[in-house]
Each structure stands twice: as structure tokens, then as C-alpha cells.
Amino acid sequence: MSSLKISFKSESYSLKDSFTISRGAKKSAEVITVRISDHNHSGIGECAPNLRYGQTISGELNKLQAMTQALENSSNGFERVFINKFFSPSPARSAIDIALWDLELKKMRESIWSLNKIKKPDVLPTMITLDASSIENNLKTARIYIDCKIFKIKFKGDSTDIDRLVKIREQFPKKRLLIDANESISPSKISEYINYCERFNVEVLEQPMRPEFDNLLSAIKTKTILCADESCSSLKDIEAIEKYYDAVNIKLDKAGGLTEALIMQESAISKGMKTMSGCMLCTSIGIAASQIIAAKADYIDHDAPLFLEQDRRNKIDYSKGNMNIANSVLWG
Ligand SMILES: [Mg+2]
């Protein structure tokens, strides 16, 4: 029987404005917060289930319930190694994994940086997302966050996409641009979109089509970096997609936790792929646990908390295109 206590609950964080991508618009970030405590310390974790992967808040709460029962009855207890070995990757597993990391670090009085022997950066940059709602909204957001190094433009696979790209490029001729199509480009249009990327100097095209069309990417010769997101959740997926993509977007919710995400990043880097540290619509807890991935990533997409009306206490602060490193009171 484990001496650790686990509790979890769903929480809703309203967004300042609705956030639109190819799959629809959201008005809030729906997350589950997990706390794991011993007699002296408490660790916190978070996950953000995504309907794209068939995940819901109630489904992940059920998984947490089942995992908790299995762990409480097991002689292995709440061991990270055990959890990652016996439960499939899911947002629920990610939230437990992240909470266990936090608890372990607090017990050891160590930071995630010293434990992983990585120099703690003063700040880390993040790209800023321009959603797929309208060019007016995009330009408004772009002007607020003009100091960021990269804009990530969300595409939704209709005629407004290229119009928005042209206008954004016109207004910001020197800005580094990334397009995230969220699978919305039809296979018959992929060459046309690649041409636009080259013409308007788009550095990265993220997940242009649905994963079943990945093989069509083999025929494409382009200087635009092709990055997998929906096509790659696990270590096994990296093996499958490395011949089609130059980069992979690593997210803790997809990987099923920080433990697996660290292994995925090592694997991708060893194959010569670039990595992006991404996130779902989450709070500063989700970002805090990803910052160690971000520190080694070529691209950092950690802007989700900026779109919340109200974030966690002791939140990560964003300023001039950078975010500060999470305080250990928040996580780690
Ligand atoms: Mg993406």
C-alpha cells in the first residue's frame, strides 16, 4: 500500500477571447489538476484532454480513478517508472507523472535543471499564436506581442488562410513565420500551400495534412521545415514519421508525461530532427513542466497562459517575447 495521497479535479479557465483553429473555437481551457502528497510535501500536475485524440475531461477523470486504485493496491506504489511502464500514454498519466516529478524534486530539494544537468536559463522565448479567426484579430494579437521572435499562424484549410498569410507578411516583413495547419490542408492542395510557404518565407509548416497522408510528403522537396504534431505522440511514432518530417512537436499531454517526453526529445535529436516544445490550452503548470524540454528545443510554443483571463497563483510571467522560468513554488 502506498503512503502517498492523490487527489484530482477538473478546472475551467476562461480565455480572454475565443481561440479558433481548424477543428473549431474554444472559450476556455479545460484542465485536470492532480495533487500527490506525502506527510511533508505536495506535488502538482495538470493535463488538458483533447477531443482530437478522443479524450474528454470525464474520460481522463475515469482513468485517474482507475490508475489511483491500481496504484494504491500495488506494492510498487506511485513510482514514476512503474506508472510509465504499466499505463498507456494519456493526459491522465501525464498529470500523475508531472505531479510525481514535482513531489520528487521538492523532497530532494533539487531543481529540474540541476537534476538533468542543464544550466537554468534566465528566460526562454516563446512564439505567439495567431488563431484562425480573422485577420483583424491576428493583427491585433500580433501588435500586442510584437516583441516575440516568431508568429505561429493557425490555418483552417479555407480561402482565408492565404489572405491572412499575405496580409501578415505585408505588415511584418521581417518576422519569422510558422504555419500550423492542424491537418486542414487537402492532399490535392499540398503543393500549392508549399509554394506559398516558400514565396512568403514561412520557416516551418506544422502538420499540413491528416496523418494518413504523411507518405505524400516524401515527394515534396522544399526548404520549408515540415513539423509533425498530430502525426506524432509517442517514441514509436518518431520512428514512423522521421522519413516524412524534419521536426516534431513534443507535448507532455501527447507523450503521457515529462518522463516519456524527455526520451522522445533525445530520440528525435539523435535522429537529426529538430524539436518543438508545444502545449495544449493549459495553465502555467503545464508550461512549467515543459520548460526543460523547451530549453533544448529549436522552437518553443508556450504561449497558452497568455490567452487565459486568469492563470494560476505564482504563474509564469511573459514579457517582450520571453517567459521567466517557473518558480519552484509553482512547480519543480
Ligand atoms: Mg500543432
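As the structure is a prediction and not an experimental result, all values here were calculated from the model.

(A) Region of the structure containing the sheet that holds strand β3 (residues 42–47). Spatial strand order, β1-β2-β3: three strands in an open sheet with antiparallel pairing. The open sheet is flanked by β1 (5–21) and β3, the only strands paired with a single partner. Pairs of neighbouring strands in the sheet enclose a mean axial angle of 20°, with direction left out of account. Of the pairings in the sheet, the one linking β1 to strand β2 (residues 24–37) comprises 13 bridges and is antiparallel in character. Counterpart to tyrosine 13 in the pairing with β2 is alanine 29. Taken strand by strand, helix α1 (residues 57–72) contacts β1 and β2, and its axis lies near 160° from that of β1.

(B) Spatial organisation of the coordination of the magnesium ion. Ligation of the magnesium ion by protein atoms is provided by Asp180 (OD), Glu206 (OE) and Asp229 (OD), these donors lying 2.1 to 2.3 Å from the ion. What makes aspartate 229 buried here is its relative accessible area of 1%.

(C) A look at the sheet that holds strand β9 (residues 225–228). Spatial ordering of the open sheet is given by β5-β6-β7-β8-β9-β10-β11-β12, a layout of eight strands whose pairing is parallel. A single partner strand is all that each edge strand has here, and the edge strands are β5 (128–130) and β12 (299–300). In this structure, strand β7 (residues 176–180) lies alongside strand β8 (residues 202–206), joined through four bridges in parallel fashion. Residue leucine 178 lies in a different strand from β8, and its bridge partner there is valine 204. With respect to the sheet, helix α7 (residues 190–199) is in contact with β7, β8 and β9, its orientation differing from that of β8 by roughly 150°.

(D) Quick peek at the environment of isoleucine 162. Tracing the sequence through the fold places isoleucine 162 in helix α6 (residues 160–171). As for isoleucine 162 and serine 111, which are separated by 51 residues in sequence, their C-alpha atoms are 44 Å apart. Those residues in contact with isoleucine 162, other than ones at most four positions away along the chain, are Phe155, Tyr193 and Tyr196.

(E) Looking closely at the pattern of salt bridges. Considering all chains together, one arrives at 23 salt bridges under this definition. Close ionic contact of glutamate 183 with arginine 23 constitutes a salt bridge, the shortest N to O distance being 2.7 Å. Of this pair, glutamate 183 sits in the loop between β7 and α7 while arginine 23 is found in the loop between β1 and β2, placing the two residues 160 residues apart along the sequence. The closest approach of N and O atoms between aspartate 102 and lysine 106, which form a salt bridge, is 2.5 Å.

(F) A look at helix α11 (residues 284–294). Within α11, 11 of the 11 residues are buried, which leaves the element mostly enclosed by the surrounding structure. Here α11 has its buried residues at Ser284, Ile285, Gly286, Ile287, Ala288, Ala289, Ser290, Gln291, Ile292, Ile293 and Ala294.

(G) Region of interest: the packing of aromatic side chains. As enumerated under the stated definition, the model contains five aromatic pairs in all. Relative to phenylalanine 172, the ring of phenylalanine 151 has its centre 5.3 Å away and its plane inclined at 75°; by these criteria the two rings are edge-to-face. Of the two residues, phenylalanine 151 is situated in strand β6 (residues 150–154) and phenylalanine 172 in the loop between α6 and β7; the sequence distance between them amounts to 21 residues. When its relative accessible area of 8% is taken as the criterion, phenylalanine 172 is described as buried. Of note, arginine 80 hangs over the ring of tryptophan 101, and the distance from its end group to the ring centre comes to 3.8 Å. If you follow lysine 175 out to its NZ or CZ, it ends over the ring of phenylalanine 151, 5.1 Å from the centre.

Reading guide: rules and limits
Every chain is numbered on its own, with residues counted from 1 as its sequence reads. Only residues with pLDDT of 70 or above have their local features reported here, since the model is predicted, and side-chain atom pairs are shown and tallied only from 80 upward, although totals for entire chains, interfaces and linings are computed over all residues. To obtain the side-chain values, all non-hydrogen atoms of the structure were included, while hydrogens and water were left out. Here, any two strands with at least 2 DSSP bridges between them count as paired. Each helix corresponds to a stretch of at least 4 residues labelled H or I by DSSP, and each strand to a stretch of at least 2 residues labelled E; elements are numbered beginning at the N terminus. Between N-to-C directions, angles span 0 to 180 degrees; the directions come from axes that are lines fitted to C-alpha atoms, helices contributing only their stretch in contact. Should any heavy atoms of two residues lie within 4.5 Å, those residues are considered in contact. Counted as donors are N, O and S atoms no farther than 2.8 Å from the metal, or 3.2 Å for Na, K and Ca; water is not among the atoms, and sites may therefore look incomplete. Any residue under 20% of the maximum accessible area for its type is buried, any over 50% is exposed, and the rest in between are partly exposed; the area is computed with a 1.4 Å probe on protein chains only. Just to be clear on terms, a salt bridge is a Lys or Arg side-chain nitrogen sitting within 4 Å of an Asp or Glu carboxyl oxygen. Two rings from Phe, Tyr or Trp (for Trp, the six-membered ring) form a pair when their centres are within 6.5 Å of each other. A pair whose planes differ by under 30 degrees is stacked, one over 60 is edge-to-face, and the rest are tilted. For a ring to carry a charge above it, either NZ of a lysine or CZ of an arginine must fall within 6 Å of the ring centroid while also lying within 35 degrees of the normal to the ring plane.

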